[in-house]
Amino acid sequence: MATRTLKAVRCPTDELSLTNCVVINEKEPNLEQHVAVYNNKHEFVFTVRMHHEVSIGSIAFSLPQRKWAGIVLGDDFKIINYKFDKSKGCISNMTVEIDFLQKKSVDSNPYDTDKMAREFLQLFNNQAFTVGQQLVFSFSEKLFNIVVKDIETMDASILKGKPVSDDYRKKVGLLLANSQVIFEKSDNSAVLLTGKSKTREARQSIISPDWNFEKMGIGGLDKEFSDIFRRAFASRVFPPDIVEQMGCKHVKGILLYGPPGCGKTLMARQIGKMLKAREPKIVNGPEILNKYVGESEANIRKLFADAEEEQKRLGANSGLHIIIFDEIDAICKQRGSMAGSTGVHDTVVNQLLSKIDGVEQLNNILVIGMTNRPDLIDEALLRPGRLEVKMEIGLPDEKGRIQILNIHTAKMRQHSLLTSDVDIKELAVETKNYSGAELEGLVRAAQSTAMNRHIKASNTVEVDIQTAEKLQVSRLDFMASLNNDIKPAFGTNQEDYASYIMNGIIRWGDPVSVVMEDGELLVQQTKNSDRTPLVSVLLEGPPGSGKTALAAKIAEDSQFPFIKICSPDKMIGHSEIAKCQAIKKIFEDAYKSQLSCVVVDDIERLLDYVPIGPRFSNLVLQALLVLLKKP
């Protein structure tokens, strides 16, 4: 085999640099079509091309070839002829990574990989390629940097009926006209590839594989999470090319609303952990506002700046950016609703609207807004394309309460600090209409009650070490906290109606028995019938005849989780508007419970009705007429 020593020189022309060949003089003796260049005992295989401008005794390399093989201009290198075994050395599949050669030539135009593959095979037909090799490829008047990632060679033994050998993956291969070239975007590349001659991008699941609701400290929100996942994340899990074929756009916004303490902030925080996205930006609504003109809008723009920059750079390959707005109603009130204001709120809303779904659309953001006053938020923000998914995070049901109590008692159970008589299912039944925060408070109160037993209060307050080691939280601690410490905001306040029936009910005759029996039937109807979501009854009679006491007794016997008495004695001195708002709040709270009982006591006093003259409050009357009819 002929061995020559040649000096490395520059490639004479730019056109020859794009051929991926080394260049020698036509009169250079004993060199064939493919040669191996040796540098520090490493072998690099190239295809040879002739040109008269290269002097005899020299071999010309392009810049990518010199980078790949570590060639230094002016040095001498050993060159020998290289022969391919046509039965095993021909390329069947070659995967290459592609990126723009120069960052200034980056654009967002799609490039058809099928056309690319055809042109690549025409340009580099019958040439040698090596895994890791770098070259420059000209396509559609753009220069691309190519790195050979993987080579699979043809195996002629399969034609003879022999099993395929395991060494079909080679380091070096010969590219033929029937070889298949597959293009793949290199890391952080902004090239947009279309067509079939591209790899299905290794789509990393954006959902962490080891996430678990209970480990994340979330209970009772399984349905809400599955609904949010279906609407907001299903499209992000699919490979981008399938999403692209469907013409599907990702959901950009979620609004979580509901009573305080039900897990809105917790859920938003954990969504960021559940997704393999960068750390979410958490913004408390009022933080955005600034006393200087234009600064509030600039703060909104800063939140979206990273996402905009990354989308320009990486396009569809950009990662997901999550922005969480806590108390979003503070900055996104209905435009024009704040009389006498400077209009700062309006311009902030406008800026947020344009950033989420304006003229320049971002597809790599997810905005999560949280509020317990969705009625205050501007309508334009709630349309599809902005905060599209609206999810009510309500009070947990019995199954949810079991999950939440298990989460908050897990450590105590792990370290045997719970007595055997603590029954989580019993506690879940007893805690109707408790929010997640109230259940956590209940566990804390029970822990405090148990700890208090082991504190000696003399001149100084100190822990009784001897008994403290036997510290355990018992069922009695939970029951004491349930009865004395933690009451649900949307539950039954026994003090409300206990004063009306402190001496019990005396069934002195048919009128009382009939009312009690009818009341019990109406309670059963409310519990069992789907056809009557609203049941209302009027008790009428002279003052002092026991109407309120009977109503309170029926309510108590119903065992409904929500019982409230709407009484005028709590509205003394209220204006008509304040009365309407107080009555409306009681009814709104009642709607949040699965079963609720509202006793509207002494309607005449609520209406300011007096028998002399036509005096009564029309505003309160209209409010009651609306609320009493709403199922």
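Here's what I pulled together on the structure shown here. (Residues numbered from 1 in each chain as written. Predicted model: local features only at pLDDT ≥ 70, side-chain atom pairs only at ≥ 80, totals over all residues. Heavy atoms only, no water.)

1. Observations regarding the overall build of the chain
For the chain, the helix and strand inventory stands at 19 helices and 23 strands. Evaluated residue by residue, the chain yields a buried proportion of 44% over its 631 residues. When contacts within the chain are restricted to residue pairs at least 6 apart in sequence, long-range pairs at least 24 apart make up 77% of them. Here the chain has roughly 34,500 Å² of accessible surface; of this, 52% comes from carbon and sulfur atoms. (Helix = DSSP H or I, 4+ residues; strand = E, 2+ residues; numbered from the N terminus. Buried < 20%, exposed > 50% of the residue type's maximum accessible area, 1.4 Å probe, protein only. Contact = heavy atoms within 4.5 Å. Areas by Shrake-Rupley, 256 points an atom, 1.4 Å probe, with all protein chains shown as cover.)

2. Re a negative patch on the surface
A contiguous patch of negative charge on the surface is contributed by D510, E517, D518 and E520. Structurally, the position occupied by D518 is in helix 15 (residues 510–528). (Patch = residues over 30% accessible without salt bridge, like charges linked within 9 Å, V, L, I, M, F, W, Y side chains within 5 Å. Salt bridge = Lys/Arg side-chain N within 4 Å of Asp/Glu carboxyl O. Lys, Arg positive; Asp, Glu negative; His and termini not counted. Charge placed at Lys NZ, Arg CZ, Asp CG, Glu CD.)

3. Regarding the sheet that holds strand 19 (residues 389–392)
In spatial order, the strands read 16-17-18-15-19; together these five strands make up an open sheet with parallel pairing. Edge positions in the open sheet fall to strand 16 (281–284) and strand 19, since each of these has one partner strand only. Put simply, the sheet's adjacent strands are angled 15° from each other on average, direction ignored. Against the sheet, helix 4 (residues 222–237) touches strand 15 (253–257), strand 18 (365–371) and strand 19, its axis set at about 165° to strand 19. (Pairing = 2+ DSSP bridges. Axes fitted to C-alpha atoms, helices over the stretch in contact; angles between N-to-C directions.)

4. Let's talk about the pairing of strand 10 (residues 134–139)
As defined by bridge partners, strand 10 adjoins strand 11 (residues 142–153) across six bridges and the pair is classed as antiparallel. Residue pairing in the sheet places Q134 in a bridge with V147 of strand 11. Hairpin connection, strand 10 to strand 11: the antiparallel pair is bridged by two residues, and S140 has positive phi, about 50°.

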